[in-house]
Amino acid sequence: MGWYVFIASIVLFIIVISYFCRSKVSISKLAFIYICLILFFFMAFRADTVGADTIQYVNIFKNINRPDSIGVLYSNISVGEYYVKEENGYVLYNVLVKFFVSLPHAITFTNSLVIVTLLFITIKKQSPDMLLSIWLYITLGVFQTEMNMARNAIGILLCYIGFKYIKERKLAKYLIIVLLASSFHFTSILFLPLYWLSEIELSAKNISIGFILIMAISVFSSFLKRFLLFIVPDVYIGYIGMETIDFSGYILGIFYLGLVVFVLLFMDKNNRLNSINSNSIGSWAIILNLAFFYIGYNFDFGTRVAALFGPYLIIAIPQLISSGIDNQKKKDIVTWLVYLICGCQYIMRLTINNIGMTMPYRFAF
């Protein structure tokens, strides 16, 4: 826990210094770059024990034969006592990395470089407040989660970058991005419906109908589960068939909902609905995240699907604050309250939840 508190403290210090120098726009950009480098350092040079899946990625990398780059796509890969079949894009990516560096830690380093680079692009291109976004990335637990689930993180961030094609209504390009992301983690295919959902106007009535639909899905989930078991790939059947009462995911969903409601309450009434619809992709990401958290209370796959859309809160929250509040002083107050609330929540969460099994933190050297 100590190292993560240290990281958050250093990041907050840089943000505060940047705030007092905010008249110089370049200071904020430089601060954002420094913070990304700090996160990359701790992500790239962590030990194999940091993150439940980290050692699996290392074992996959060690057991991929460089000369057999094509054959390995159609075979199971040994990861110790069992074998796994990974998506072809991720396997080819491992082959490419191993062509240059065969040291086992190379895959952890490269995964970290790719994740932080994609994160940098996503925040820089889409967030109106880069420093708030990077703070949310840490305090909402996304940083530690992505240290654990590297394949999923790469797929998610690729799709987030592809959101620009939703705004530009370029289906072919968005489809290519989603398919590329799915070659790293198949669940990224679930981002595809967002292209059409984003065209639906969000009103109180539509949001209510949506949540009623989600509740109906949850009620009739036993029937739905039997249907899904016939169409999902074998590797994901466990996620569909497994029943669970996930209090931790439920509580996290409640916090996300509370954070969004908190921001909405401070938004100007006249701007609220316009802001929600002008940032329709982020708004739909929030809705889908909360909806699947609800389903995840009883079924494991719900929480896992929610995790696809949840990280986009690091963009959606700054967007809502920026477009929904006109008064700069009020905007500053709300922003710093979000800093405070998320920071306190993060400290509390670290004491009760080992996010992605990333604690204790240890260096690889």
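Summary of the structure given here. (Residues numbered from 1 in each chain as written. Predicted model: local features only at pLDDT ≥ 70, side-chain atom pairs only at ≥ 80, totals over all residues. Heavy atoms only, no water.)

1. Some words on helix 1 (residues 2–20)
Piece 1. Its 19 residues place the ends of helix 1 27 Å apart at the C-alpha level, agreeing with the 27 Å of an ideal helix rising 1.5 Å per residue.
Piece 2. Within helix 1 the residues assigned to the buried category are Tyr4, Ile7, Ala8, Val11, Ile14, Ile15 and Ser18. In an axial view of helix 1, the angular spread of the buried residues amounts to 125 degrees, which keeps them on one side of the axis. Structural note: helix 1 exposes Gly2, Phe13 and Phe20 on the side pointing more than 90 degrees away from its buried face. (Helix = DSSP H or I, 4+ residues; strand = E, 2+ residues; numbered from the N terminus. Expected span 1.5 Å × (residues − 1). Buried < 20%, exposed > 50% of the residue type's maximum accessible area, 1.4 Å probe, protein only. Arc of directions from axis to C-beta.)

2. Structural notes on the nonpolar core
Across soluble globular proteins, nonpolar side chains show a tendency to be buried alongside one another.
Piece 1. Grouped together as the largest cluster of nonpolar side chains are 103 residues, with contacts concentrated most on Tyr4, Tyr137, Tyr174, Phe191 and Val338.
Piece 2. Leaving out residues up to four positions away in the same chain, tyrosine 137 has contacts with Leu39, Met43, Ile115, Leu119, Val142, Phe143, Glu146 and Ile314. (Core = buried A, V, L, I, M, F, W, Y, C linked by side-chain atoms within 4.5 Å. Contact = heavy atoms within 4.5 Å.)

3. Notes on unusual backbone geometry
Piece 1. Cis geometry is adopted by the peptide bond preceding proline 360, which originates at methionine 359 and carries an omega value of 0 degrees.
Piece 2. Note that proline 360 resides in the segment after helix 19 (328–352).
Piece 3. We note that arginine 169 has phi near 55 degrees; this positive angle belongs to a residue other than glycine.
Piece 4. One can find arginine 169 in the loop between helix 8 (150–167) and helix 9 (171–182).
Piece 5. For arginine 169, a relative accessible area of 32% puts it in the partly exposed group.
Piece 6. In this model, methionine 357 sits at a positive phi of 55 degrees, which is unusual for a non-glycine residue.
Piece 7. Take methionine 357: it is sitting in the segment after helix 19.

4. Overview of the packing of aromatic side chains
Piece 1. Per the stated rule, a full pass over the model turns up 35 aromatic pairs.
Piece 2. Each ring, one from tryptophan 3 and one from phenylalanine 42, has its centre 5.7 Å from the other, and the planes form 50 degrees; the classification is tilted. Of this pair, tryptophan 3 sits in helix 1 while phenylalanine 42 sits in helix 2 (residues 25–44), placing them 39 residues apart in sequence.
Piece 3. Looking at tryptophan 3, the relative accessible area reads 35%, which means it is partly exposed.
Piece 4. For phenylalanine 42, a relative accessible area of 6% puts it in the buried group.
Piece 5. With a centroid separation of 6.3 Å and 70 degrees between ring planes, the pair formed by tyrosine 90 and phenylalanine 184 is classed as edge-to-face. Taken together, the positions of tyrosine 90 in helix 4 (residues 88–100) and phenylalanine 184 in the loop between helix 9 and helix 10 (194–197) put the pair 94 residues apart, joining distant regions of the chain. Comparing tyrosine 90 with phenylalanine 184, the two get one shared label, buried.
Piece 6. The cationic tip of arginine 169 hangs over the ring face of tyrosine 195; the distance from NZ or CZ to the ring centre is 4.0 Å. (Phe/Tyr/Trp six-rings, centres within 6.5 Å; stacked < 30°, edge-to-face > 60°. Lys NZ or Arg CZ within 6 Å of the ring centre and 35° of its normal.)

5. Let's talk about the packing of helix 15 (residues 269–278) against helix 18 (residues 313–324)
Between two packed helices, both the angle of their axes relative to each other and the distance between the axes serve to describe the pair.
Piece 1. Orientation of helix 15 relative to helix 18, taken along the N-to-C sense of each, is 140 degrees, at an axis distance of 9 Å. As summarised for this structure, helix 15 and helix 18 are arranged oblique, according to the angle between their axes. Seen along the crossing, helix 15 lies across helix 18 with a hand that is right-handed. Contact residues: helix 15 offers Asn271, Ser275, Ile276 and Ser278, while helix 18 offers Gln319, Leu320, Ser323 and Gly324.
Piece 2. Its residues assigned to classes, the contact of helix 15 with helix 18 shows 2 nonpolar, 6 polar and no charged. (Axes fitted to C-alpha atoms, helices over the stretch in contact; angles between N-to-C directions. Parallel < 35°, antiparallel > 145°, perpendicular 65-115°, else oblique. Left-handed = near helix turned anticlockwise from the far one by under 90°. Nonpolar A, V, L, I, M, F, W, Y, C, P; charged D, E, K, R; others polar.)

6. A closer look at a positive patch on the surface
Piece 1. Among the surface-exposed residues, Lys29, Lys124, Lys125, Lys164 and Lys173 lie close enough to one another that they form a single positively charged patch.
Piece 2. Here lysine 29 shows up in helix 2.
Piece 3. According to the relative accessible area criterion, lysine 29 is partly exposed, its value standing at 47%. (Patch = residues over 30% accessible without salt bridge, like charges linked within 9 Å, V, L, I, M, F, W, Y side chains within 5 Å. Areas by Shrake-Rupley, 256 points an atom, 1.4 Å probe, with all protein chains shown as cover. Salt bridge = Lys/Arg side-chain N within 4 Å of Asp/Glu carboxyl O. Lys, Arg positive; Asp, Glu negative; His and termini not counted. Charge placed at Lys NZ, Arg CZ, Asp CG, Glu CD.)

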